[in-house]
Amino acid sequence: MSLNSEVSASSSSGRDWFFPSPSFSASSQQHARRLYSKSKPHPSPTPTSQGIRRRRIKFPRTNDKPQIADDAKKISVKNNLIFLPQFRFQFALAILTVAFFLLLLLLRNSHLQGQLNKLQDEILGLTLRLHACHNLDTFNVTSFTTQPASPENLRRNLSLTFSFTLLLIPLIIFKYVDYVSKSRCADNISEQVSLNKQIAYRVDVFLSVYPYAKPLVLLFATLLLIFIGGLALFGVTSDDLLHCLWLSWTYVADSGNHANSEGVGPRLVAVSISFGGMLIFAMMLGLVSDGISEKFDSLRKGKSEVVEQNHTLILGWSDKLGSLLNQLSIANESLGGGTVAVMAERDKEEMELDIAKMEFDFKGTSVICRSGSPLILADLRKVSVSKARSIIVLAEDGNADQSDARALRTVLSLTGVKEGLRGHIVVELSDLDNEVLVKLVGGDLVETVVAHDVIGRLMIQCARQPGLAQIWEDILGFENCEFYIKRWPQLDGMQFEDVLISFPAAIPCGIKVASYGGKIILNPDDSYVMQEGDEVLVIAEDDDTYAPASFPTVWRGSLPKDFVYPKSPERILLCGWRRDMEDMIMVLDASLAHGSELWMFNDVLEKEREKKLTDGGLDINRLENITLVNREGNAVIRRHLESLPLESFDSILILADESVEDSAIQADSRSLATLLLIRDIQARRLPYVAMVSQTHGGSFSKGSWIGEMKQASDKTVIISEILDPRTKNLLSMSKISDYVLSNELVSMALAMVSEDRQINDVLEELFAEQGNEMHIRQADLYLHEGEKLSFYEIMLRARQRREIVIGYRLANAERAVINPPAKSDRRKWSLKDVFVVITEKE
């Protein structure tokens, strides 16, 4: 079949349309331009000649803007036509509502008219009876019955109409706003927020931003309902307006009060008011319930404000918190208790649960926990940071640099408090290198305690002087004796040698010199004369337990002989690795004799050790007195420890390894395992001496493993770093090692500096490389065997060596006595006794 025949067959229906395909639209437009540009366009074929009827359909071009505008208008008109029936329906609904209320008004009027007619009939009957009795004038009766109506009826109708109008106005406004919003959206093709959404958004912002918006809206709705209901009741009853308002309030408050209403109109109004009252009561109940829930939730999560003054504020959470709270509770015991606020980024319930598990008596001190961040000023104001007596910033567990960086940001936040700070800031740092930066930011408000470096130096002191750890534990804690600074005007003009024996219940240790800007001088010269404004630094049991007394008569005497201890080379073993290893090495190099050996045994590779020490500022080639010996191995594996000459070391320091120091239990378990393995290896290598070691509370005989380890402990001093205070019971019972409670000692130092920031200068000097330090001296330096002396006389003899004796430990005693009582009483001393002194570093 040919093409013409196909076309002819298809055109016979008369409903065929020819559309150009999209791929040929451009070419077809070009052909049209070329055809119409010619002077003589080709004539289109007629239907009779081709046998085909065609229709030309023009498609709009892309730049045909009038057509788009017409389409938009058509769409707008169409949308208006769509919205118009809805508006008509709403308008009809409003008309029906008005008609309903008008019907209600007519029913009310008819009801009142019936009551009026009934009353007029009764009055007429009563008047006729009175006329028959008293011969009243009939004119008066007729004039009374034809008396015009009172304007009260008009006022009641107006009040009823006004109340209905008030009810309809919000509905009409809402429907009008909705209609205008839809009309605007239809007229504007571009995306635009409708008017009803804008109004809803403003209302939502108003209710969300202002805390008292919801109660005020609810109060306004209640008053409006009472007012409209009172007007409606005034319109349908014969009562006065005030009574109608009171009835409206009773219907709102109690929905059952409308049961006594009589008449169709009053009952409809009463039921309507009661429904509104139930709705308002439901909203009020929800609002009150939400408010109570938010309040309890705020209390549970620790979001409420702490209204306190002169309280101690602790920022952060760590393993040291328990010991710190214990020390603060002991310090506040003399005041009848105090208040300690703790704020950390933890849940309040968890913090309170952990504090409740702590096994100590708070002694009247209240601990308040709040959840928040010390980097946010709003959270700091929540705990009354500006009114706190002191602020303690705890170091976080983990990386030292990150912990110190967070402490630095916390100090910045504290210095940014607009109200200012009443108290000082005590910051616990992990690295000594960051101390300068924190003091630069905090200024005079900041006191720093570098925990890690302090414990490292303390362990070295305790390793070279067994028993010193217990003495530091007694002095730093508030349970026994501690440092106090106070002004005593009656001591002005006295020399320090006389001041030294003027306190029966305290031991003077230094002077706070007023002329030097309040600088504290430990162990001053005997010839120093007390000036006006000077204060005395003493060791006493409490700040109210000591005072100067009359000057006693003390016989000085002379020293038996001047001992000069020749330093001999020592061999010391360090088990484990700490961040401040380079500082410990430098302290040992300065204190040990020439030719000493320092063995380092840990699982850090030797090349990596040298790099860490070099990065820490240690030049191994410049060490003068010690030689480093590196050994690699695991301190909890027996065969690794057996490769060391454990029986030949003078001192062994078991450190809380850097890899496990974040977990106190794991670090202590590792330290205990290392201690037991070392003591067992030493006991097997040393020749056993048949003896019985008598100890306090029991005895260890031959064949017991504790007895063998006790014999080994007499040869080598071992100092173990303990993080958890509960672990010390195991070591104190076995007596096979001395220990340093690092976390507890740091907590004691923080609590002491928190109570009196001046004490930080004293602690810094006692732990520093230069200045004065605490020592344990043998008794033969001050007395002869069996000599009978008082404690005052020993103090004056020690002054010949420029030392201050603060306590003693008898030969058969386990603990030292600091600040002993009855210092004037004489007693016999043994050469095996030791004295605790403060002296200049050798």
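Report on the accompanying structure.

Definitions and cut-offs
Residues numbered from 1 in each chain as written. Predicted model: local features only at pLDDT ≥ 70, side-chain atom pairs only at ≥ 80, totals over all residues. Heavy atoms only, no water. Helix = DSSP H or I, 4+ residues; strand = E, 2+ residues; numbered from the N terminus. Polar contact = N/O pair within 3.5 Å; in protein donor to acceptor, adjacent residues only side chain to side chain. Contact = heavy atoms within 4.5 Å. Salt bridge = Lys/Arg side-chain N within 4 Å of Asp/Glu carboxyl O. Buried < 20%, exposed > 50% of the residue type's maximum accessible area, 1.4 Å probe, protein only. Pairing = 2+ DSSP bridges. Right-handed = clockwise from strand over helix to strand, strands pointing away. Core = buried A, V, L, I, M, F, W, Y, C linked by side-chain atoms within 4.5 Å. Axes fitted to C-alpha atoms, helices over the stretch in contact; angles between N-to-C directions.

**Topic: the side chain of Glu447**
- Here Glu447 shows up in strand E6 (residues 446–450).
- Within polar-contact distance, the side chain of Glu447 engages the side chain of Arg757 at 3.0 Å.
- With sequence-adjacent residues up to four places away left out, Glu447 is seen in contact with Ile425, Val426, Val427, Val753, Arg757 and Asn760.

**Quick notes on the pattern of salt bridges**
- Summed over all chains, the structure comprises 31 salt bridges.
- One salt bridge in this structure joins Arg464 and Glu570, with 3.7 Å as the shortest N-O distance. Here the residue Arg464 occupies a position in helix H16 (residues 451–464), and Glu570 occupies one in the loop between strand E10 (535–540) and strand E11 (571–575), the gap between them amounting to 106 residues.
- On the basis of relative accessible area, Arg464 is assigned to the partly exposed category, the value being 35%.

**Points about the pairing of strand E2 (residues 339–344)**
- Burial of E2 is extensive: six of the six residues sit out of reach of the surface.
- The two faces of E2 match: Thr339, Ala341 and Met343 on one face and Val340, Val342 and Ala344 on the other face are all buried.
- Relative to E2, strand E1 (residues 312–315) is paired through four bridges, and the arrangement is parallel. Bridging from a neighbouring strand, Leu313 pairs with Ala341 of E2.
- Handedness of the crossover is the feature at issue here: the chain leaves E2, passes through helix H12 (residues 348–356), returns alongside strand E3 (residues 366–371), and the resulting connection is right-handed.

**Focus on the nonpolar core**
- The biggest cluster of nonpolar side chains holds 118 residues, and the ones touching the most others in it are Ile314, Phe483, Ile585, Ile806 and Phe835.
- Here the element with the most residues in this core is helix H25 (residues 742–755); it accounts for eight residues.
- Once you skip the residues sitting within four places of it in the chain, Ile585 turns out to touch Leu598, Met600, Leu613, Leu618, Leu623, Ile626 and Leu628.
- In terms of nonpolar packing, the next biggest core, distinct from the first, is built from 24 residues, Ile368, Val411, Leu414 and Ile425 among them.

**With respect to the sheet that holds strand E21 (residues 804–809)**
- Sheet architecture is open: four strands sit in the order E19-E24-E21-E22, paired in antiparallel fashion. The sheet is open, and its two edges are formed by strand E19 (772–778) and strand E22 (817–818), each paired on a single side.
- Relative to E22, E21 runs antiparallel, the two being bridged by two bridges. Within the sheet, the bridge partner assigned to Tyr808 lies in E22 and is Val817.
- The strands touched by helix H17 (residues 468–476) within the sheet are E19, E21, E22 and strand E24 (834–840), with E19 carrying the most contacts at an inclination of about 130 degrees.

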